[in-house]
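Secondary and tertiary structure notes
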Amino acid sequence: MQDSTRGGRRIGIFGGTFDPIHSGHLQIAREAAQSFALDRVLFVPAANPPHKTAAALTPYAHRLRMTEIACAPYSNFSASPLESGPEKSYTVDTLERVRRELSWGNELFFLIGADAFREIETWKRWREVLDLTEFIVISRPGASYTIPEHARVHRMDWVNVEISSSAIRKRLAAREPAPELPAEVAEYIREHGLYHRA
């Protein structure tokens with residue numbers, strides 16, 4: 001990642017498989033950027049997430065490219081290849097890479113769903129993760145979750161996104177329309193024959 005950002009900016013990190021990225025992801029990022037005054041949101045597709053096998057995912061190069069396409073209309077969004085490579089994609093490693101390349105004067109915010117946040121104490125070096133970033137936790141209104149001691153958490157429970165990438169993949173496999181996809185992403189999927197059954 002190359003970045004000339006220095007001093008006092010607020011950077012959001014939005015990780016996930018993005019298989020595929022859809023309008024719900026973009027809505028969450030827009031709301032977070034507006035509500036928490038984020039200067040930039042980095043979308044970081046996971047090349048090898050610990051909880052999934054590579055065979056279960058669309059090839060990383062396609063997922064990264066779809067994320068680049070989806071972010072292109074937004075001047076403050078960008079796709080990052082931070083988690084490229086054969087090693088497992090752990091959040092602590094990603095945050096450390098960001099910290100190495102950005103000034104410590106910048107504030108980092110990690111966008112995460114409530115279900116994933118509930119599991120945070122099972123993450124690799126999770127206490128260090130708490131030190132490296134603040135969290136913007138996306139949940140349904142009234143959702144409950146335990147906040148570990150020293151975690152810096154901001155609730156975002158007013159965005160109700162009922163869109164799932166797995167449901168989109170099923171519809172695409174059946175050659176049914178998926179209106180939740182940005183038009184340019186849908187076109188890329190058609191061009192490359194992604195998600196379609198033989």
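This text follows the structure it describes.
Residues numbered from 1 in each chain as written. Predicted model: local features only at pLDDT ≥ 70, side-chain atom pairs only at ≥ 80, totals over all residues. Heavy atoms only, no water.

Summarising burial for strand E5 (residues 134-138): 5 of the 5 residues are buried, a large majority. Here E5 shows a buried face lined by Glu 134, Ile 136 and Ile 138 and a second buried face lined by Phe 135 and Val 137. As paired elements, strand E4 (residues 107-113) and E5 share 5 bridges and run parallel to each other. In the strand pairing of E5, Ile 112 is matched with Val 137. Bridge count for E5 against strand E6 (residues 153-156) is 4 bridges, and the pairing is parallel. Its bridge partner being in E6, Val 137 is matched across the sheet by Arg 155. (Buried < 20%, exposed > 50% of the residue type's maximum accessible area, 1.4 Å probe, protein only. Helix = DSSP H or I, 4+ residues; strand = E, 2+ residues; numbered from the N terminus. Pairing = 2+ DSSP bridges.)

It is worth spelling out the packing of helix H2 (residues 60-71) against helix H7 (residues 183-192) at this point. Here H2 crosses H7 at 150°, and the two axes come no closer than 9 Å. In terms of their interaxial angle, H2 and H7 are classed as roughly antiparallel. Seen along the crossing, H2 lies across H7 with a hand that is right-handed. Residues His 62, Arg 65, Met 66, Ile 69 and Ala 70 of H2 touch H7, and the partners they reach there are Glu 184, Val 185, Tyr 188, Ile 189 and His 192. In terms of residue class, the contact of H2 with H7 is built from 6 nonpolar, 2 polar and 2 charged. (Axes fitted to C-alpha atoms, helices over the stretch in contact; angles between N-to-C directions. Parallel < 35°, antiparallel > 145°, perpendicular 65-115°, else oblique. Left-handed = near helix turned anticlockwise from the far one by under 90°. Contact = heavy atoms within 4.5 Å. Nonpolar A, V, L, I, M, F, W, Y, C, P; charged D, E, K, R; others polar.)

With that settled, the discussion passes to the pairing of E4. Of all 7 residues that make up E4, 5 are buried, and the element is covered over most of its length. By the bridge criterion, 5 bridges tie strand E1 (residues 10-16) to E4 in an arrangement that is parallel. Of the residues in E4, the one forming a bridge with Arg 10 is Glu 107.

Okay, unusual backbone geometry next. Across the junction of Asp 19 and Pro 20, the peptide omega takes the value 0°, indicating a cis bond. Within the element layout of this structure, Pro 20 appears in the loop between E1 and helix H1 (23-35). Even without glycine at this site, His 150 takes up a positive phi of about 80°. Mapping His 150 onto the fold places it in the loop between E5 and E6. Given a relative accessible area of 62%, His 150 falls into the exposed group.

Applying the stated criterion across every chain yields a total of 10 aromatic pairs. Plain terms: the ring middles of Phe 117 and Tyr 145 are 5.6 Å apart, the flat faces sit at 75° to each other, and that makes the pair edge-to-face. Pair noted here: Phe 117 is in helix H4 (residues 114-117) and Tyr 145 is in the loop between E5 and E6, with a separation of 28 residues, a long-range link. An identical accessibility class is assigned to Phe 117 and Tyr 145; each is buried. Here the aromatic residues Phe 14, Phe 18, Phe 43, Tyr 74 and Phe 77 are joined through ring pairs into a cluster of three or more. (Phe/Tyr/Trp six-rings, centres within 6.5 Å; stacked < 30°, edge-to-face > 60°.)

Within the largest apolar cluster, 33 residues are counted, with the highest numbers of intra-cluster contacts made by Leu 38 and Phe 43. Going through the elements one at a time, H1, strand E2 (40-45), H2, E4, E5, helix H6 (165-173) and H7 are the ones with two or more residues in this core. Here this core takes 5 residues from H1, the largest share from any one element. Beyond its immediate stretch of four places on either side in the chain, Phe 43 contacts Phe 14, Phe 18, Ile 21, His 25, Leu 26, Ala 29, Thr 67, Cys 71, Phe 77, Ser 78, Ala 79 and Ser 80. Ile 11, Val 98, Leu 130 and Val 137 belong to the second-largest nonpolar core, a separate cluster that totals 23 residues. (Core = buried A, V, L, I, M, F, W, Y, C linked by side-chain atoms within 4.5 Å.)

This brings us to the sheet that holds E2. With respect to topology, 6 strands assemble into an open sheet ordered E3-E2-E1-E4-E5-E6, the strand pairing being parallel. In the strand order of this sheet, the two ends are held by strand E3 (77-79) and E6, each with one partner. Direction aside, the axes of adjacent strands within the sheet are offset by 25° on average.

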